[in-house]
Amino acid sequence: MATVTAGFQILPNGKDMHTAGIIPEVLNLVKESGLEFHIGPMETVIEGELDEVFEVIKEAQFIGGASECITNIKVHYKPSGVAIEDKMY
């Protein structure tokens, strides 16, 4: 399968949870994944095979101990593949 890019944002949905508490942990997970990534002010974008990308996002949802979370995901796919570098500037 071709390489995809996916932008994602995880929002803990609990009164006692704040994004500042989980953001560093999610970013460490992304960095340790070995996938290409770009950290933006509103979302993180990762690049890889679709299964690899979704596995990282799935793991990220369980970080920080939130009782529930809302995850926004945008995936860019095309048969020839798409890279983060293609989308920058």
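None of the values given here were measured: they were computed from a predicted structure.

So, on to the pattern of salt bridges. Under the defined criterion, the tally for this structure stands at two salt bridges. Here Lys74 ties to Glu43 by a salt bridge, and the two come within 3.3 Å at their closest N and O atoms. With Lys74 in strand 4 (residues 69-76) and Glu43 in the loop between strand 2 (36-39) and strand 3 (44-48), this pair connects stretches of sequence that are 31 residues apart. Since its relative accessible area comes to 53%, Lys74 is described here as exposed. Among the salt bridges present, the one from Glu55 reaches Lys58, with a minimum N-O distance of 4.0 Å. Within this pair, Glu55 and its partner Lys58 are both found in helix 2 (residues 50-60), separated by three residues, close to a single helical turn.

Cut-offs and rules
Residues numbered from 1 in each chain as written. Predicted model: local features only at pLDDT ≥ 70, side-chain atom pairs only at ≥ 80, totals over all residues. Heavy atoms only, no water. Salt bridge = Lys/Arg side-chain N within 4 Å of Asp/Glu carboxyl O. Helix = DSSP H or I, 4+ residues; strand = E, 2+ residues; numbered from the N terminus. Buried < 20%, exposed > 50% of the residue type's maximum accessible area, 1.4 Å probe, protein only.

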